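This is what each chain is made of:
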Amino acid sequence: GEQLVDVEEADDKKKILRSPGDPTAEEYEAHRMDHMPYRSWCPHCINGRATGHQHKSQKEEHRVPQLGFDYLHGTESFALASGEEETVKILVAKCHQSKCIFAHVVPQKGLDPALYAVERLKRDVMWLGHTRLVLKSDKGRAILALLRHTLKVLQKEVEIENIQEPHPAAYDSSSNGSTENASKQVGNMISTVRSCLEDRIKMKVPVTHCLFGWLVEHAAWLLTTRQR
């Protein structure tokens with residue numbers, strides 16, 4: 001005899017196959033550990049790095065290693081969330097030889113009373129371990145003051161054979177552009193990691209919270225260790 005089939009029950013049992021380009025649950029969880037490399041199927045990558053996530057490599061060859069630094073997006077203050085009233089200043093540094101990137105939330109633009117920004121740059125230089133080094137920044141008054149004070153501290157406290165500020169005539173726009181590119185990458189990575197974190201904990205992380213300061217340094221560390 002004929003077999004009756006409950007159409008509604010049959011439809012409920014249908015399995016919808018995932019797209020071949022979609023990740024498995026395990027792949028998605030693994031990706032959320034560091035969001036490297038950029039994935040178009042990750043909503044947090046799209047949120048933070050949907051534009052400009054691919055960068056052409058720049059040829060940077062210098063006989064003496066150069067550490068370029070600037071403020072994130074070239075602004076005095078930076079708020080990552082739209083409508084967020086509180087802002088922070090983020091200092092980004094890049095070694096053009098090793099391609100290492102550093103980022104720190106600092107109290108203010110230029111020299112702060114406790115010289116926190118100077119101390120952070122000093123620790124970055126010590127971590128790099130170069131015996132010779134050139135510090136580079138743009139020509140803004142505040143950041144030049146930070147550069148020159150950092151030079152004095154390094155020359156006095158750190159055993160480096162030769163550390164200097166580049167002569168204006170030898171200013172290299174390509175390395176400055178590389179520092180600006182590093183700042184953009186850091187800003188995008190911060191947005192990505194922050195979006196993912198807030199989605200996990202179902203809470204907003206204010207830029208003035210101590211966790212955000214760690215997140216900024218972690219974002220730069222991911223760019224240093226998780227890509228060529």
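Before reading on, note that the structure itself is shown above.
Counting from 1, residues in each chain are numbered in the order their sequence is written. The predicted nature of this model means local features are confined to residues of pLDDT at least 70 and side-chain atom pairs, given and counted, to a pLDDT of 80 or more, with totals for whole chains, interfaces and linings taken over all residues. Side-chain measures were taken over the full set of non-hydrogen atoms in the model, leaving aside hydrogen atoms and water.

## Details of the pattern of salt bridges
Inference 1: Basic side-chain nitrogens of Lys or Arg form a salt bridge, by our definition, when they fall within 4 Å of a carboxyl oxygen of Asp or Glu. Scanning the model with the defined rule gives 10 salt bridges in all.
Inference 2: For Arg32, the salt bridge goes to Glu29, with nearest N and O atoms at 3.6 Å.
Inference 3: Exposure remark for Glu29: the relative accessible area of 39% places this residue in the partly exposed category.
Inference 4: The partner of Glu198 in a salt bridge is Arg194, and the shortest N-O contact between them spans 3.3 Å. One end of the pair, Glu198, and the other, Arg194, are both in helix 6 (residues 173-201), 4 residues apart, so they sit about a helical turn from each other. The buried label goes to any residue with under 20% of its type's maximum accessible area, the exposed label to any with over 50%, and the partly exposed label to all in between, with areas taken from a 1.4 Å probe on protein chains only. Every helix listed is a DSSP run of H or I at least four residues long, and every strand listed is a run of E at least two residues long, numbered separately from the N terminus.

## Concerning unusual backbone geometry
Inference 1: Of note in this structure, Leu115 is not a glycine but carries a positive phi near 55°.
Inference 2: Secondary-structure assignment places Leu115 in the loop between strand 3 (101-106) and helix 4 (116-128).
Inference 3: Phi at Lys202 is positive, roughly 55°, even though this residue is not glycine.
Inference 4: Counting through the fold element by element, Lys202 comes out in the loop between helix 6 and helix 7 (210-225).

## Observations concerning the packing of helix 4 against helix 5 (residues 141-157)
Inference 1: All axes here are fitted lines through C-alpha atoms, helices being fitted over the stretch that makes contact, and every angle between N-to-C directions spans 0 to 180 degrees. At a minimum axis distance of 10 Å, the contact between helix 4 and helix 5 shows a crossing angle of 55°. The orientation of helix 4 with respect to helix 5, classified from their angle, is oblique. Note that helix 4 runs across helix 5; the crossing there is right-handed. Touching Ala117, Val118, Leu121, Lys122 and Val125 of helix 4 are Leu146, His149, Thr150, Val153, Leu154 and Glu157, all from helix 5.
Inference 2: In the contact of helix 4 with helix 5, the residues fall into 7 nonpolar, 2 polar and 2 charged. Convention used here: angles under 35 degrees read as roughly parallel, angles over 145 as roughly antiparallel, angles from 65 to 115 as roughly perpendicular, and any remaining angle as oblique. In this scheme the handedness of a crossing depends on how the near helix is turned from the far one: anticlockwise by less than a right angle means left-handed, clockwise means right-handed. Contacts were defined at the residue level, with two residues in contact if any of their heavy atoms lie within 4.5 Å. Under this grouping Gly is polar, as are all residues other than the nonpolar Ala, Val, Leu, Ile, Met, Phe, Trp, Tyr, Cys and Pro and the charged Asp, Glu, Lys and Arg.

## A few points about the packing of aromatic side chains
Inference 1: Side-chain rings of Phe, Tyr and Trp, where Trp is taken by its six-membered ring, are said to pair if the distance between their centres is within 6.5 Å; with planes under 30 degrees apart they count as stacked, over 60 as edge-to-face, and otherwise as tilted. This model, assessed by the stated rule, comprises 3 aromatic pairs.
Inference 2: With a centroid separation of 6.2 Å and 70° between ring planes, the pair formed by Tyr28 and Trp41 is classed as edge-to-face. Of the two residues, Tyr28 is situated in helix 2 (residues 25-31) and Trp41 in the loop between helix 2 and helix 3 (43-49); the sequence distance between them amounts to 13 residues.
Inference 3: Among the residues examined, Trp41 registers a relative accessible area of 27% and is labelled partly exposed.
Inference 4: Each ring, one from Phe102 and one from Trp127, has its centre 5.9 Å from the other, and the planes form 80°; the classification is edge-to-face. Within this pair, whereas Phe102 is found in strand 3, its partner Trp127 is found in helix 4, the two being separated by 25 residues in sequence.
Inference 5: Through a chain of ring-to-ring contacts, three or more aromatic side chains come together here, namely Phe102, Trp127 and Trp221.

## Description of the nonpolar core
Inference 1: In plain words, nonpolar cores are sets of buried Ala, Val, Leu, Ile, Met, Phe, Trp, Tyr and Cys residues tied together by side-chain atoms within 4.5 Å. The biggest cluster of nonpolar side chains holds 25 residues, and the ones touching the most others in it are Leu67, Phe69, Leu91, Leu135 and Leu146.
Inference 2: When residues of this core are traced back to their parent elements, those giving at least two are strand 1 (66-71), strand 2 (89-95), strand 3, helix 4, strand 4 (132-136) and helix 5.
Inference 3: Of all the elements, helix 5 adds the most residues to this core, at 6 residues.
Inference 4: Grouped together as the second largest cluster of nonpolar side chains are 21 residues, Leu72, Ile190, Val193 and Val216 included.

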